[in-house]
Amino acid sequence: MSDKSYDLVVIGGGPGGYVAAIRAAQLGLKVACVEKRATLGGTCLNIGCIPSKALLQASEKYEEAAHALASFGVKTGKVSLDLNGMMTHKDKVVEANVKGVEFLFKKNKIDWLKGSGQVTGKNEVTIDGKEKIQAKNIVIATGSTHVDLPGVKVDEKQIVSSTGALELGSVPKTMVVIGGGYIGLEMGSVWQRLGTQVTVVEYLDRLVPGMDAEVAKTFQQVLKKQGMAFKLGTKVTAAKQAKSGVTLTVEPAKGGAAEQIKAEIVLVAIGRRPYVDGLGLDSVGVELDDRGRIKTDAHWRTNVESIYAIGDVIAGPMLAHKAEEEGVALAEMLAGGPGHVNYETVPGIVYTWPEVASVGKTEEQLKEAGVKYRSGKFPFAANGRARAMNATDGFVKILADERTDRVLGAHIIGPDAGSLIHELVMAMEFGGSAEDVARAFHGHPTLNEAVKEAALAVHKRPLHM
Ligand code: FAD
């Protein structure tokens, strides 16, 4: 038995949990973070955002050297792939990041309590069923895990989740990605660039559900041009494994004749579910919603007064930056200040090439809500910097309120869309209008000029189109 007691005990050391711990410690609270993984950083740093981006970056370099540099007048010798080297790069990036969080914990005097945390009282967390810790407040930040598809059992060898897809030992000849969301498309892109023939099977009749439909359509066309194949409106009903690979049975989602597709590797990427396994929430009466997420009020408080929850384990987009902002705001609130997150401006980014990025409302959402809006669009084909980069696929689209001109949403497919979108996140954060964006200086020649031109296009006065 231990008589350790803290102002705040955070369960889960991912972006939500570790950021909440750091911010609370900065504000003078005595903080501990319980994490059962061998390293801090959660899904994001260990098996999510960071390793996937390390492989996307590396495979992009390979693709560039193998196919794209010649168009810039750069001659290379025969380019070959060192997959081990690429995986080493990924592992080093992950290690540097997780060690970085460990350093930040030491710097901020946060105790990392290693083991599995269980909530055993309103103010008590038990670690690995043994050590009891007292806490004035408890924050649950236990994240999410992949969703299984009935009949397609993940073994992380032939049938993999995103975690297995991050560590394949060789480049498969063929891969079926089940699920056309951002994780499937990012991981599919990695292996496609390294030489795999990738087929994406998606239940809906479009990719990246939730993102702007016009962007999704262009996205599919661009990925198709790169060699990716698609079977939309299709469901997978069974998988049969053999030494040579997996045979999937698929059929039209709306019903119809079944067919079979073979692949060396199958990646199941149909979504993620909140992870509350082993937390013992029942024993203290913390309520879940109908989708298994921890129910909270607008300030992340559960139905139990001293217990809060943030990140993937509660409602909202399952994104690292959403978890982090909740962590910061909640820590500030627990330290006696105000805490606020503006959910209207959470950007969503797909880190393929070209990238896809989105913030705020889509046209479909505005139409459904009956909001009158103006749309301005500008293609990268008309942007000088994009031409210099040989990266002219895609466009910027800005949606502004018809009456007030306030920016309501922005959707970009194109080079570095994930960076460009932040200009519009800031505009929205400050309640800016399309006119504000259009009149602000934009350095020349930059990709950002496409953002300025799209803002000008909202008022039908683009200069370069
Ligand atoms: P997590 O990061 O899941 O952390 C939860 C932690 O809690 C885990 O480390 C777990 O071990 C620990 N834990 C769980 N239960 C217990 C317990 N009882 N006791 C102790 N510890 C426990 N998001 C982006 O924003 N950008 C991206 O580019 C991106 N790419 C992704 C790529 C992939 C392949 C995947 C899978 C996800 C990606 N995400 C991305 C999503 C992102 O990883 C999550 O949104 C984010 O990690 C959520 O943070 P969190 O703190 O809520 O939970």
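- Taking an unreviewed UniProt entry as the reference, the chain is identified by name as Dihydrolipoyl dehydrogenase belonging to Limibacillus halophilus.
- According to the UniProt record, the Catalytic activity (unreviewed entry) comment for the chain is "N(6)-[(R)-dihydrolipoyl]-L-lysyl-[protein] + NAD(+) = N(6)-[(R)-lipoyl]-L-lysyl-[protein] + NADH + H(+)".

**A few points about the nonpolar core**
Here is step 1: In terms of nonpolar packing, the biggest core is built from 56 residues, with F105, V119, I140 and I294 touching the most fellow members.
Here is step 2: The residues contacting F105, other than those within four sequence positions of it, are Y18, A21, I22, C33, L40, I110 and W112.
Here is step 3: M86, A165, V177 and M187 belong to the second largest nonpolar core, which has 36 residues in total.

**Some words on the sheet that holds strand β14 (residues 259-263)**
Pairing between the strands of a sheet is mediated by backbone hydrogen bonds and can be parallel or antiparallel.
Here is step 1: Read from one edge of the open sheet, 3 strands run β12-β13-β14, paired in antiparallel fashion. Since the sheet does not close on itself, it has two edges, and those belong to β12 (234-242) and β14, each with one partner. Each adjacent strand pair in this sheet contributes to an overall mean axis angle of 25 degrees, direction not counted.
Here is step 2: Taken together, the 8 bridges between β12 and strand β13 (residues 245-252) define a ladder with antiparallel strand orientation. Pairing of K235 across the sheet is with E251, part of β13.

**Here we look at the sheet that holds strand β20 (residues 373-379)**
Here is step 1: Reading across the sheet, the 5 strands line up as β18-β19-β22-β21-β20 and stay open at both edges, with antiparallel pairing between neighbours. The open sheet has two edge strands with one neighbour each: β18 (348-350) and β20. In this sheet, neighbouring strand axes are inclined to one another by 10 degrees on average, regardless of whether the strands run parallel or antiparallel.
Here is step 2: Across 6 bridges, the pairing between strand β19 (residues 355-360) and strand β22 (residues 407-414) is antiparallel. Across the sheet, residue S358 finds its bridge partner in β22, namely H411.

**Thoughts on the side chain of N137**
Here is step 1: On the secondary structure map, N137 appears in strand β6 (residues 131-140).
Here is step 2: For N137, a relative accessible area of 14% corresponds to the buried category.
Here is step 3: Not counting the four nearest positions on each side in its chain, N137 is found in contact with D7, L8, V9, S306, Y308 and L334.

**Comments concerning the environment of A335**
Here is step 1: Counting through the fold element by element, A335 comes out in the loop between α9 (320-334) and β18.
Here is step 2: Expressed as a C-alpha distance, the spacing of A335 and L8, which sit 327 residues apart in the sequence, is 9.9 Å.

**Structural notes on the site of the ligand**
Here is step 1: Residues in contact with the ligand amount to 40 residues; listed here are only the nearest, E35, T43, K53, G117 and A320.
Here is step 2: The side chain of H321 places a nitrogen or oxygen atom 3.3 Å from an oxygen atom of the ligand.
Here is step 3: Here the ligand, which alone exposes 1000 Å², has 97% of that area covered by the protein.
Here is step 4: Every element with two or more residues in the shell around the ligand is listed here: α1 (15-26), β2 (31-35), α2 (42-47), α3 (49-68), α6 (182-193) and α9.
Here is step 5: A total of 4 residues in the shell around the ligand trace back to one element, the largest contributor, which is α2.
Here is step 6: Of the domains in this structure, domain 1 (5-146 + 273-335) and domain 2 (159-270) are the two that each give at least three residues to the shell around the ligand.

**Focus: α6**
Here is step 1: Across its 12 residues, α6 extends 16 Å between first and last C-alpha, which sits within 8% of the 16 Å expected from 1.5 Å per residue.
Here is step 2: Where burial is concerned, most of α6 is hidden: 10 out of the 12 residues are buried.
Here is step 3: Of the positions making up α6, those classed as buried are G184, L185, E186, M187, G188, S189, V190, W191, Q192 and R193.
Here is step 4: In the segment just after α6, G195 is the residue with positive phi, at about 120 degrees.

**Description of the UniProt feature "domain: FAD/NAD(P)-binding" (unreviewed entry) in the chain**
Here is step 1: Per the UniProt record, "domain: FAD/NAD(P)-binding" (unreviewed entry) is annotated on residues 6-327.
Here is step 2: With 32% helix and 26% strand, the stretch residues 6-327 has end C-alpha atoms that lie 17 Å from each other.

**Focus: the state of the cysteines**
Here is step 1: Applying the stated criterion across every chain yields a total of 1 disulfide.
Here is step 2: Two residues, C44 and C49, share a disulfide whose sulfurs are 2.3 Å apart. With the S-S dihedral at roughly -130 degrees, the linkage between C44 and C49 falls on the left-handed side.
Here is step 3: Looking at the unpaired C33, the closest cysteine sulfur is the one in C44, lying at 14 Å.
Here is step 4: For C33, a relative accessible area of 0% translates into the label buried.

**Some points on the packing of aromatic side chains**
Here is step 1: According to the stated counting rule, one finds 0 aromatic pairs in the structure shown.
Here is step 2: For the cation-ring pair, K114 lies above W112, with the distance from its terminal atom to the ring centre recorded as 4.4 Å.

**Concerning unusual backbone geometry**
Here is step 1: The peptide bond linking W353 to P354 adopts the cis configuration, its omega dihedral lying at -5 degrees.
Here is step 2: Its place among the elements puts P354 in the loop between β18 and β19.
Here is step 3: Between H444 and P445 the backbone carries a cis peptide bond, its omega angle lying at -5 degrees.
Here is step 4: Counting through the fold element by element, P445 comes out in the loop between α13 (434-439) and α14 (448-458).
Here is step 5: We note that W300 has phi near 65 degrees; this positive angle belongs to a residue other than glycine.
Here is step 6: Along the chain, the position of W300 falls in the loop between α8 (281-284) and β17 (307-309).

Conventions we followed
Residue positions are given per chain, counting from 1 as you read along its sequence in written order. Side-chain atom pairs in this predicted model are given and counted only at pLDDT of 80 or more, local residue features only at pLDDT of at least 70, and totals for whole chains, interfaces and linings cover all residues. For the side-chain quantities, the full set of heavy atoms in the structure was used; hydrogens and water were omitted. UniProt positions are given in the numbering used here, feature names are shortened, and annotations may be inferred rather than shown by experiment. Each nonpolar core is a collection of buried residues, namely Ala, Val, Leu, Ile, Met, Phe, Trp, Tyr and Cys, held together in the definition by side-chain atoms within 4.5 Å. Categorising residues by exposure relies on relative accessible area from a 1.4 Å probe, with only protein chains included: less than 20% of the type maximum marks a residue as buried, more than 50% marks it as exposed, and the intermediate range marks it as partly exposed. Contacts are residue-level and defined by heavy atoms, with any inter-residue pair within 4.5 Å sufficient. Two strands qualify as a pair provided that DSSP identifies no fewer than 2 bridges between them. Put simply, DSSP H or I for four residues or longer makes a helix, DSSP E for two residues or longer makes a strand, and each gets a number counted from the N terminus. For helices, the fitted line uses only the C-alpha atoms of the stretch in contact; every axis is such a line through C-alpha atoms, and the angle between N-to-C directions lies from 0 to 180 degrees. In these notes, residues near a molecule or strand are those with any non-hydrogen atom within 4 Å of it. Residues adjacent in sequence count toward polar contacts only when both atoms are side-chain atoms; beyond that, a polar contact is any pair of N or O atoms within 3.5 Å, and within protein one must be able to donate a hydrogen and the other to accept it. Method for areas: the Shrake-Rupley scheme with a 1.4 Å probe, in which residue coverage is limited to the protein chains shown. Note that the domain bounds reflect an automated or database-derived domain assignment. A helix is expected to span 1.5 Å multiplied by its residue count minus one. Two cysteine sulfur atoms make up a disulfide if the distance between them is within 2.5 Å. Put simply, two rings from Phe, Tyr or Trp (the six-membered ring, in Trp's case) pair if the centres are within 6.5 Å, and we call them stacked under 30 degrees between planes, edge-to-face over 60, tilted for the rest. Should the NZ of a Lys or the CZ of an Arg lie within 6 Å of a ring centre and within 35 degrees of the ring normal, that charge is described as sitting over the ring.

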